[in-house]
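# A closer look at the structure
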Amino acid sequence: MHTVKPTDPEAQAKGADMQPMPLRPSRPRLNGRWAGYTHLLLARMRELKREPEVIFWVFVFPLLLALGLGIAFRNKPADVAPVAVVSGPGAQHALELLQASPQHAAIHADMLTDAQALKGFRVGKYALVIEPKADGSFQYRYDPARPESVLALDQIDDALQTAAGRRNALTTAAKISSEPGARYIDFLIPGLLGMNVMNAAMWGIGFALVEMRQRKLLKRYLATPMRRSDFLLALTSSRLVLMLVEVGLLLGFGVLVFHMRVLGSLASILLVGTVGALSFAGIGLLTACRAEKIESVSGLINLVMLPMWVFSGVFFSYERFPAVVQPFIKALPLTALNDALRATILEGAPLTAQGGRILIMAIWGGISFILALRWFRWV
Amino acid sequence: MPAIECRGLRKTYDGKVEAVRGLDLEIQPGECFGLLGPNGAGKTTTIEILEGLLAPTAGQVTLLGRTWQKHARDLRELLGISLQETRFSEKLSVRETLDLFASFYRHPRAAAEIMQELELTEKADSWVGKLSGGQKQRLAVATALVGNPQILFLDEPTTGLDPQSRRQLWEIVRGFQRRGGTVLLTTHYMDEAERLCDRIAIVDHGQIIAQGTPAQLIARLGGHHVVEFATSAGDGANNQELWRMLPGVDSVHEDDGMLLLNVREPHQTIPALLAAVENQGAQLVHLTTRQASLEDVFVHLTGRHLRED
Ligand SMILES: Nc1ncnc2c1ncn2[C@@H]1O[C@H](COP(=O)(O)OP(=O)(O)OP(=O)(O)O)[C@@H](O)[C@H]1O
Ligand SMILES: [Mg+2]
C-alpha cells in the first residue's frame, strides 16, 4: 500500500491505524517549515560562542595582527634616512654640512668608528655610510639591492652638494599629494578580512563537517526528517553571520585606531564579503565532502589555503610575483576577494566595476558546491 | 500489516565482507523484537539497512507498509533511532540538543516531557560533554523518542550501563511499547533479551539461526534446566554417552572442562548423576543447576559463547 485513497474505506482504516494516535504528546506541537533551519543555525551559533578558541582565532587574532603589523609598518613622517659618518678628519665637516642642508630634518646622522659604522650598515640600522677621505672628498658606501640605501645615496649626495653651495640649474617645486588608503594598514585590513573569510569557511564548514561525520552525528541527523539543504544552509549562514561581525570589527578597528578612511558603502562591502563567504563555503564543503577523519581534512584544508596565503596578496601585493604567474594568481578566489574588498573599501569602486572578480568567486563557489553535493558522504 | 518486514536482506561491504547473508524478519506492531548475536554478527548492518541509512546489496524492506524508495520522508517522521555510537555536540545542553532534534519533526513531543521520562531533567542545562556515559546513552534514546515515533530502533542501547541504568532503560522501552509503539533492539545481553523482548532472533554470521519467544527458544534445548558439573576423573567428555543415558537428560555438551546437561526434571537426574559418579569411583568437584538461558541456546546452536569476554 503506497497511498491512502480517501474513497477506499479499507485503506482509510489502515491509514487511521498508522496515525500515531496512542503516542500523541500531551502538548501537541506543530513545527513550521523553517523550524529545523532556525534551530540548526541557533545551535551552531551557540556552539561557536561557547568555544573560546573560536572567539580568539576568528575575532581577536586578526585584530592583534592588524595592530602589530599596523604599528610595525606605520609610515614615519617623511621617512628619515639614517646614515653613519666614519669618524676621522673631515667627519665633523660632513656633519656640519648635513646639518646646514635644507633636508636636515629628513636625515639622521651618527658619527662612529669604521667597524661600528659597517656593522650598523650590515644589520640595516643605517642606510648609507659616509667615509670622509684625506683629500676632503667623501666616499659613499651603499647597497644597490636595498631600496632605502639607494634613496639615501641620492638624498645625502643632494644634501651635501646643496649645503656646499651647489646651485640648481632649474627651478622646480614639489607638492604633496597623499592618496587615501596608501598606507600599509589600509592595504592590510581588507587583506585580513579576506583571509578571515577564507579561514572561517574552511575550518567552520570543512573541518566542522568532517568532525560531525567522524562523530556519527551526520548519520544521526540523517536518521531524522531534517532537510539536508537546511543543514548546509544553516552551516553557511553561521559563517555569514560571523563575516558580518568580522567586517564591523576590523573596519571599526581600522577607523578608530588607525584613522582608516572607508570610501565604499557598507552595503557594497558586505555584498562583496557575502559573495566571498559563499564562495569559500562551497570550497570548504568540497574539501570536506569525502574525508572521514579530521586528520585527513586538516591536511586538505592547509593544502587549499597555503597557496592563497602566499599568492593572494594578504600581507603584501602580489604584483611582486613574475608576470607569467599573474593570470593564475588573479584567478584564485582569495585574490578576487581581496582585490574586490580593497577596491570597494579603499577606492569606493562601484560593484559594477567588480564584475570580473565577483564572477571568479561565483565560479569557484558554484562549481565546488555542485561537485560537493554530488560527492558528499553523509554517513 | 507488519510494522517491520524484510525479505532476503543481504549486505556485502566492498564486494568482500558478507555482513548480512539473506535475512528475513517480520515484526508486528506493538512488538518488542530483539536481535541477539556476537560481535560482528551483522546486527548493526541489519538495523541500519532497516533504518534506511545503508543500502542493502539485495532484499526488500517495508516499514508500516512503506518503502524507503517511495516514502523516505514519511518514514523518517515515524521512526525514532538511536545508533550504536553517536557523539552529540559537546557544547550544547541536553535541553538544546533535544529541542534541536524536536525541530526536525512535524509533531514532536515536548523536550521537558522526554527529559522527565528519561530522568534527565536534573541535567537539562548541563553541556552534553559533561554527562556520564549512562546519561549520554539516555540522551541518545531521548533524541529517538522526541519525534514521537511509532517504531523505535535501538542499537545496543544498554551497552556500558550499570545494572540500575539498564533497568531504567528497560522501563522506558516498556512504556513506549505500552503506548502502542514497536521496538527493534540489538543486544549482547541474554538477560536483557529474555526480559525485554517478546520475540528474539539469534543472528550469527549474518544469518538468523533461531527465532521465537525466549521461552520457545529455550524449549528448543529440550530441557529448561541446566546441570553443570565436573568430576575428579576429569574424563567426562569421553563418556558423554553415559551422561546422555541418565534419566531426564535431553542433551549433553562440554564447555570449558565442565559438562552441561540439559535436563527436564532435575530431581530425577541429580540422584542418578551422583550414583553414576560414585560408580566410577570418582568424586564431584563441581555441581550447579540453573534455569536454561538464551546463552545456553546460543552455545547449543553454535558451540560458542555469545560474549567471549
Ligand atoms: N563500513 C564497513 N565496511 C566494511 N566492513 C564492515 C563495515 N561495517 C561493518 N563491517 C563488517 O561487517 C560485519 C558485521 O558488522 P556489524 O557492525 O553489522 O556487526 P554487529 O553485529 O553490529 O557487531 P557488534 O556487536 O560488534 O556491534 C563485521 O565483520 C564488520 O567488520
Ligand atoms: Mg553493532
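Residues numbered from 1 in each chain as written. Chains lettered and ligands numbered in written order. Predicted model: local features only at pLDDT ≥ 70, side-chain atom pairs only at ≥ 80, totals over all residues. Heavy atoms only, no water.

## Some words on the overall build of chain A
This is how it is decided: Secondary structure elements follow DSSP: runs of H or I of four or more residues count as helices, runs of E of two or more count as strands, with numbering from the N terminus. For every residue, the accessible area (1.4 Å probe, protein chains only) is compared with the maximum for its type, and the residue is labelled buried under 20%, exposed over 50%, or partly exposed between those bounds. The contact definition used throughout considers only heavy atoms, calling two residues in contact when any of these lie within 4.5 Å. Surface accessibility in these figures is a Shrake-Rupley result with a 1.4 Å probe; residues are shielded only by whichever protein chains are displayed.
Summing up its helical and strand segments, chain A has 14 helices and four strands in all. Considering chain A as a whole, with its 379 residues, one finds that 43% of them fall into the buried category. In chain A, the proportion of contacts linking residues at least 24 apart, taken out of those at least 6 apart, comes to 74%. Within the structure as shown, chain A displays about 20,000 Å² of accessible surface, and the carbon and sulfur contribution to it stands at 64%.

## As for the side chain of B:Glu77
Applicable threshold: Between N or O atoms, a polar contact is any pair within 3.5 Å; within protein, one atom must be a potential hydrogen donor and the other a potential acceptor, and residues adjacent in sequence are included only when both atoms are from side chains.
Secondary-structure assignment places B:Glu77 in helix H2 (residues 68-78). Looking at B:Glu77, its side chain comes within polar contact range of the side chain of B:Arg73, at 3.3 Å.

## With respect to the coordination of the magnesium ion (ligand 2)
Residues and elements named next belong to chain B. Basically, it comes down to this: Water is absent from the atoms considered, so a metal site may look incomplete; donors are defined as N, O and S atoms within 2.8 Å of the metal, or 3.2 Å for Na, K and Ca.
Protein coordination at the magnesium ion (ligand 2): the donors are Thr 44 (OG1) and Gln 84 (OE1), at 1.8 to 2.1 Å from the metal. Separated by 40 residues along the polypeptide, Thr 44 in helix H1 (residues 43-50) and Gln 84 in the loop between strand S5 (79-82) and helix H3 (94-102) bring together distant segments of the chain. With relative accessibility at 38%, the residue Gln 84 sits in the partly exposed group.

## So, the sheet that holds strand S2 (residues 107-112) of chain A
Residue and element names in this part refer to chain A. Just so we agree on the cut-off: A pair of strands is labelled paired if DSSP reports no fewer than 2 bridges between them. Throughout, an axis means a line fitted to C-alpha atoms (over the contacting stretch in the case of helices), and angles, computed between N-to-C directions, take values from 0 to 180 degrees.
Taken in spatial order, the four strands of this open sheet run S2-S1-S3-S4, and their pairing is mixed. Each edge of the open sheet carries a strand with a single partner, namely S2 and strand S4 (138-141). The average undirected angle you get between the axes of adjacent strands in this sheet is 25°. Contacts from helix H4 (residues 91-100) reach strand S1 (81-86), S2, strand S3 (128-132) and S4, with the element oriented near 170° to S2.

## A word on the pairing of strand S3 (residues 32-36) of chain B
Residue and element names in this part refer to chain B. For S3, a buried count of five out of five residues is recorded, marking the element as mostly surrounded by other parts of the structure. Taken together, the four bridges between S3 and strand S8 (residues 199-204) define a ladder with parallel strand orientation. Residue pairing for S8: Gly 34 is matched across the bridge by Ile 200.

## With respect to the interface of chain B and chain A
For the record, the criterion: Buried surface area refers to the total accessible area, computed with a probe of radius 1.4 Å, that the two partners give up upon joining, counted for both partners together. In what follows, salt bridge is the name for a side-chain nitrogen of Lys or Arg lying within 4 Å of a carboxyl oxygen of Asp or Glu. When residue character is reported, Ala, Val, Leu, Ile, Met, Phe, Trp, Tyr, Cys and Pro are called nonpolar, Asp, Glu, Lys and Arg charged, and the others, Gly included, polar.
Contact with chain B, which involves 46 residues of that partner, is made by 38 residues of chain A. Sorting the residues of chain B by area buried against chain A places B:Arg87, B:Lys91 and B:Phe104 first, and these three jointly supply 15% of that buried surface. Here chain B is connected to chain A by five salt bridges. Here chain B is connected to chain A by 15 residue pairs in polar contact (both at pLDDT 80 or more). Broken down by secondary-structure element, the contributors of at least two residues to the side of chain B that touches chain A are H2, H3 and helix H5 (133-145) of chain B. Class assignment for the residues of the side of chain B that touches chain A results in 18 nonpolar, 12 polar and 16 charged.

## Notes on the packing of helix H10 (residues 266-287) of chain A against helix H14 (residues 355-375) of chain A
Residues and elements named next belong to chain A. Our working definition: Orientation labels follow simple angle bins: below 35 degrees gives roughly parallel, above 145 gives roughly antiparallel, 65 to 115 gives roughly perpendicular, and whatever is left gives oblique. Crossings are sorted by hand: turned counterclockwise from the far helix by less than a right angle, the near helix makes the crossing left-handed, and turned clockwise it makes it right-handed.
The N-to-C vectors of H10 and H14 enclose an angle of 30°; their axes lie 7 Å apart at closest approach. With respect to each other, H10 and H14 are oriented roughly parallel. For H10 against H14, the interelement crossing comes out left-handed. Residues Val 275, Gly 276, Ser 279, Gly 282, Ile 283, Leu 285 and Leu 286 of H10 form the contact with H14, whose participating residues are Ile 358, Met 361, Trp 364, Gly 365, Ser 368, Phe 369, Leu 371, Ala 372 and Trp 375. Taken together, the residues that form the contact of H10 with H14 break down as 11 nonpolar, five polar and no charged.

## Overview of helix H10 (residues 266-279) of chain B
For an α-helix the count is 3.6 residues per turn, leaving residues at separations of three or four pointing the same way. All names here are of chain B. Using the following cut-off: For a helix, the expected span equals 1.5 Å multiplied by the number of residues minus one.
Under the 1.5 Å per step criterion, the end-to-end length of H10 is 20 Å for 14 residues, consistent within 8% with the ideal 20 Å. On its buried face, H10 sits against strand S10 (225-231), helix H9 (240-244), strand S11 (249-255), strand S12 (258-263) and strand S13 (284-291). In the segment just after H10, Gly 281 is the residue with positive phi, at about 75°.

## Looking at the domain arrangement of chain A
To be explicit about the condition: Domain start and end points were adopted from an automatic or database domain assignment.
With domains assigned, chain A is organised as domain 1 (81-163) and domain 2 (179-375). A separation of 48 Å is found between the C-alpha centroids of domain 1 of chain A and domain 2 of chain A.

## Describing the confidence of the model for chain A
Using the following cut-off: For every residue, the predictor assigns a confidence score, pLDDT, that lies between 0 and 100.
Confidence along chain A averages 87 in pLDDT terms, with 90% of residues attaining 70 or more. Low pLDDT (under 50) marks residues 1-22 of chain A, which in the prediction has 20 contacts with non-local residues, meaning those over four places away or in another chain.

## Side note on the environment of A:Val297
All names here are of chain A. Here Val 297 is to be found in helix H11 (residues 294-311). When the C-alpha positions of Val 297 and Gln 354 are compared, they lie 33 Å apart, and in sequence the two are 57 residues distant. Sequence-distant contacts of Val 297, defined by excluding residues within four places in its chain, comprise Gly 206, Phe 207, Val 210, Thr 287, Ala 288 and Ala 291.

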